[in-house]
Amino acid sequence: MQPTIAVLAALQTLSVSALAQGLNRSLDASPSGHVAIEFIAGEVTVRGWDQAVIEISGDFAGAAEALEVTQQGEQTTIRIREDAEGGAALASEEVDLFVSMPRGSSLSVDGTNADLLIASVEGEMSLETVSGDIEAEVFGAALEAHTVGGDVNVASRGAPATANLTTVAGEIEAAGPFSSITASTVSGDIELDILEAASMSLTTTNGEIEVHATLDGAADINAETTNGDVELRVGEEDDLNIDIGTFSGRIRTCFERPLEGAGVDAQTGPDGGRRGR
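Residues numbered from 1 in each chain as written. Predicted model: local features only at pLDDT ≥ 70, side-chain atom pairs only at ≥ 80, totals over all residues. Heavy atoms only, no water.

A. Local environment of the pairing of strand β6 (residues 75–80). Pairing of strand β2 (residues 34–38) with β6 involves five bridges; the strand directions are parallel. Each bridged residue has a counterpart across the sheet, and for Ile37 the counterpart in β6 is Ile78. Summarising the sheet, strand β5 (residues 67–72) and β6 pair through six bridges and their orientation is antiparallel. Each bridged residue has a counterpart across the sheet, and for Glu68 the counterpart in β6 is Arg79. In textbook terms, the turn of a hairpin is the stretch between consecutive antiparallel strands, and for β5 and β6 this stretch comprises two residues, one of which, Gly73, has a positive phi near 65°. (Pairing = 2+ DSSP bridges. Helix = DSSP H or I, 4+ residues; strand = E, 2+ residues; numbered from the N terminus.)

B. Representation of the environment of Asp229 in the model. Note that Asp229 resides in the loop between β19 (219–227) and β20 (230–233). Setting aside anything within four residues of it in sequence, one finds Asp229 in contact with Gly207, Glu208, Ile209, Gly249, Arg250 and Arg252. Of note is the side chain of Asp229, whose polar atom sits 2.8 Å from the backbone nitrogen of Arg250. Of note is the side chain of Asp229, whose polar atom sits 3.4 Å from the side chain of Arg252. (Contact = heavy atoms within 4.5 Å. Polar contact = N/O pair within 3.5 Å; in protein donor to acceptor, adjacent residues only side chain to side chain.)

C. Up close: the pairing of β2. In this structure, β2 lies alongside strand β8 (residues 106–110), joined through five bridges in parallel fashion. What sits directly across from His34, in β8, is Ser106.

D. Local environment of the pattern of salt bridges. Taken as a whole and assessed by the stated rule, the structure comprises seven salt bridges. With a shortest N-O distance of 3.7 Å, Arg103 and Glu122 are connected by a salt bridge. Of the two residues, Arg103 sits in the loop between β7 (95–102) and β8 while Glu122 sits in the loop between β9 (113–119) and β10 (125–131), which places them 19 residues apart along the sequence. When the shortest N-O distance is used, the salt bridge between Arg252 and Asp229 registers 3.4 Å. Highlighted residues: Arg252 in strand β22 (residues 251–253) and Asp229 in the loop between β19 and β20, separated in sequence by 23 residues. Looking at Arg252, the relative accessible area reads 34%, which means it is partly exposed. Where salt bridges share partners, they join Asp229, Glu231, Arg233 and Arg252 into one cluster. (Salt bridge = Lys/Arg side-chain N within 4 Å of Asp/Glu carboxyl O. Buried < 20%, exposed > 50% of the residue type's maximum accessible area, 1.4 Å probe, protein only.)

E. Structural context of the confidence of the model for the chain. On average, residues of the chain score 81 in pLDDT, and 75% of them reach the 70 mark or higher. Across residues 1–5, confidence stays below pLDDT 50; counting only partners more than four residues off in sequence or on other chains, it has 13 contacts. For residues 8–22, every residue scores under 50 in pLDDT, and the model assigns this stretch 18 contacts once sequence neighbours within four places are set aside. (pLDDT = per-residue confidence, 0-100.)

F. Up close: the nonpolar core. Within the largest apolar cluster, 60 residues are counted, with the highest numbers of intra-cluster contacts made by Ile37, Leu107, Leu127, Leu165 and Met200. Of the residues forming this core, the biggest block, five residues, is contributed by strand β15 (residues 172–187). (Core = buried A, V, L, I, M, F, W, Y, C linked by side-chain atoms within 4.5 Å.)

G. Structural detail: the environment of Leu107. Here Leu107 is to be found in strand β8. It is 9.2 Å that separates the C-alpha atoms of Leu107 and Glu122, two residues lying 15 residues apart in sequence. When neighbours within four sequence positions are excluded, Leu107 is seen to be in contact with His34, Val35, Ile37, Val46, Met101, Ile118, Val121, Glu124, Met125, Ser126 and Leu127.

In structure tokens:
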């Protein structure tokens, strides 16, 4: 699971396409400010860089006036104005937006039918879309990533991050170090490959949960599904508070000892699914 490969490929392809369309806007910005993007449909690709400059490009042929960029204090807002010339047509089509921003700034993206690809942004992030996938890197900061119809794929780099990831119809994947991670979906699998985490809360209704984690110390682990299996591979740590369960599925763990004892309570569903608490 390597989200950055797809992100970097999109960065290269989109930057060339955007420049070919002739839209390339630059403005000075605080290295630790905030960038807010409001987008309708298409794909938003954001990368952090070491310049105190925001650069915006995209395939807005014939409707460049519809792209509104405003600055107030340390916040820069980028959005499509539907009332501008070409804006209504632009809002109803899928277009690509490419933004380079100071890597230490925070970021919020609010999309409708948009895929979000974020790389090398080290500030806090809030990423939301209604119908689209979210793929992001996070660097020790807090991340909120929410979509209704789409997948969420997150890679944590460097210091442990805090992540809250949700989708209704889609899968969630996360890798790297986290101080805490919450992942919730209704119809989809959850797959974690975690280097460390003090807290994991994972829920799905129709899907499997798979956790592979290397834990340095105490951790609280909650993993719940209704229709699906739960697989937990975390090593034989002594100080784990585990609450895992499935109603219609199986539980598989790495523990040689039975899933019972201090902090653990085993229950069995009607088809043999076991619940640990």
